[in-house]
Amino acid sequence: MGILLSTMWERWFGGAGREFKLVMVGLDNAGKTTLLYRLALGEAVVATPTVGSNVERLQHAGVTLEVWDLGGQQGLRAAWATYYRGADAVVLVVDSADRARVAAVKNELGALLSHADLSGVPLLVFANKQDARGACPAAELTSLLALHAVRGRDWHIQPCVAVTGGGLAEGMDWISSRVRQGRGETAAGAGGGGAAGAGAVAS
Ligand code: G3D
């Protein structure tokens, strides 16, 4: 299992020497920890809490991943620039079944996308918990989060079920192809590139 997942990380992000920084954000309970476990980061990674319990810094196969809980973090925002600087991509994890907090997610997304250090950085939205009763389909979440209004960056929304791992590989394929393009590299087997500001909804 560990070898298989390492191979997947190699495929997504290449071997040693390549450094990519992904910032993963989402409200508490969105499924970030579950998703990370499914991506096997927990197996070969040292997690170092940096600011309270709200951010973790993880490293695996040349990828640095900083994971943020956005809920209730107003007081910490002044420190965000430290962590966002140099990010190659942003991954937003959403609990698709938590319709009551979609507005809060949209607010946080707006703040994130207007951050100077994340300008032009590709955005992957994991519409998680698609297995849950009443979950928003990705197309509906796209509308609720106004993703079609996102300008100046590529974005992609990927339905997923972090508890089973369904949809995660597809999302990681997209993000790895975009971060490589951002570095001027070509990803073998990656899908075609989109124009700046282009978005896609996977179903
Ligand atoms: P967080 O790290 O974003 O705060 P967690 O979120 O990964 O801790 O997940 C919060 C809860 O959501 C967990 O349940 C977890 O099992 C559940 N969860 C995560 N992903 C999915 C999913 O795809 N489908 C469903 N149905 N549940 C999911 P508990 O009960 O442990 O709090």
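Everything here concerns the structure above.
Let me sum up the structure you'll find in this document. Quick caveat, the model's predicted, so the values are computed rather than measured.

## Some thoughts on the nonpolar core
Residues Val-25, Leu-123, Leu-145 and Leu-147 are the most contacted members of the largest nonpolar core, which totals 29 residues. Residue assignment for this core shows that the elements contributing at least two residues are strand 1 (20-26), helix 3 (80-84), strand 5 (89-95), helix 4 (102-113), strand 6 (123-128), helix 5 (138-144) and strand 7 (155-159). Looking at this core element by element, the count peaks at five residues for helix 4. Residue contacts for Leu-147: discarding those within four places in its chain leaves Leu-109, Leu-123, Val-125, Thr-142, Trp-155 and Ile-157.

## A look at helix 4
If you check helix 4, its first and last C-alpha atoms are 16 Å apart, about what twelve residues at 1.5 Å a residue would give, namely 16 Å. By the burial criterion, the buried members of helix 4 are Val-102, Val-105, Glu-108, Leu-109, Leu-112 and Leu-113. Taken end-on, helix 4 shows its buried residues confined to a sector of 130°, consistent with a single buried face. Opposite the buried face of helix 4, at more than 90 degrees from it, the exposed residues are Ala-103 and Asn-107.

## Side note on the pattern of salt bridges
Scanning the entire structure with this criterion turns up six salt bridges. Residues Asp-98 and Arg-101 are paired through a salt bridge, measuring 2.8 Å at the closest nitrogen-oxygen approach. Assessed through its relative accessible area of 27%, Arg-101 is described here as partly exposed. Notably, a salt bridge pairs Asp-154 with Arg-178, separated by 3.0 Å at the nearest N-O pair. Of this pair, Asp-154 sits in the loop between helix 5 and strand 7 while Arg-178 sits in helix 6 (residues 168-182); the two residues are 24 residues apart in sequence, bridging distant segments of the chain. On the basis of relative accessible area, Asp-154 is assigned to the buried category, the value being 11%. Several salt bridges converge on common partners, so that one network encompasses Asp-28, Asp-98 and Arg-101.

## Examining the site of the ligand
In the neighbourhood of the ligand, 14 residues make up the surrounding shell, with Asn-29, Lys-32, Thr-33, Thr-34 and Asp-131 lying closest. The backbone of Gly-31 places a nitrogen or oxygen atom 2.9 Å from an oxygen atom of the ligand. One of the side-chain N or O atoms of Asn-128 is found 3.1 Å from an oxygen atom in the ligand. The element that contributes the greatest number of residues to the shell around the ligand is helix 2 (residues 32-38), accounting for three residues. Grouping the amino acids of the shell around the ligand by side-chain chemistry returns five nonpolar, five polar and four charged.

## Focus on the side chain of Lys-21
In this fold, Lys-21 is placed in strand 1. Overall, the relative accessible area of 12% leaves Lys-21 in the buried class. Residue contacts for Lys-21: discarding those within four places in its chain leaves Thr-64, Glu-66, Thr-82, Tyr-83, Tyr-84, Arg-85, Gly-86, Ala-87, Asp-88 and Ala-89.

## Notes on the side chain of His-156
One can find His-156 in strand 7. Classification of His-156 as buried rests on a relative accessible area of 10%. In terms of polar contacts, His-156 uses its side chain to reach the side chain of Gln-158, at 3.3 Å.

## A short note on the pairing of strand 7
Of all the five residues making up strand 7, five are buried; the element is thus mostly covered by neighbouring parts of the structure. Covered by surrounding structure in strand 7 are Trp-155, Ile-157 and Pro-159 together with His-156 and Gln-158, the residues of both alternating faces. Inspection of the sheet shows strand 6 paired to strand 7 by five bridges, in the parallel sense. Bridge pairing in strand 7 places Ala-127 opposite Pro-159. In the classification by handedness, the crossover that spans strand 6, the intervening helix 5 and the parallel strand 7 is right-handed. For strand 7 and strand 8 (residues 199-201), the ladder comprises three bridges, and the chain directions are parallel. Bridging across to strand 8, His-156 finds its partner in Ala-200.

Criteria and cut-off values
- Residues numbered from 1 in each chain as written.
- Predicted model: local features only at pLDDT ≥ 70, side-chain atom pairs only at ≥ 80, totals over all residues.
- Heavy atoms only, no water.
- Core = buried A, V, L, I, M, F, W, Y, C linked by side-chain atoms within 4.5 Å.
- Buried < 20%, exposed > 50% of the residue type's maximum accessible area, 1.4 Å probe, protein only.
- Helix = DSSP H or I, 4+ residues; strand = E, 2+ residues; numbered from the N terminus.
- Contact = heavy atoms within 4.5 Å.
- Expected span 1.5 Å × (residues − 1).
- Arc of directions from axis to C-beta.
- Salt bridge = Lys/Arg side-chain N within 4 Å of Asp/Glu carboxyl O.
- Near = heavy atom within 4 Å.
- Polar contact = N/O pair within 3.5 Å; in protein donor to acceptor, adjacent residues only side chain to side chain.
- Nonpolar A, V, L, I, M, F, W, Y, C, P; charged D, E, K, R; others polar.
- Pairing = 2+ DSSP bridges.
- Right-handed = clockwise from strand over helix to strand, strands pointing away.

Read these as spatial facts, not as claims about activity.
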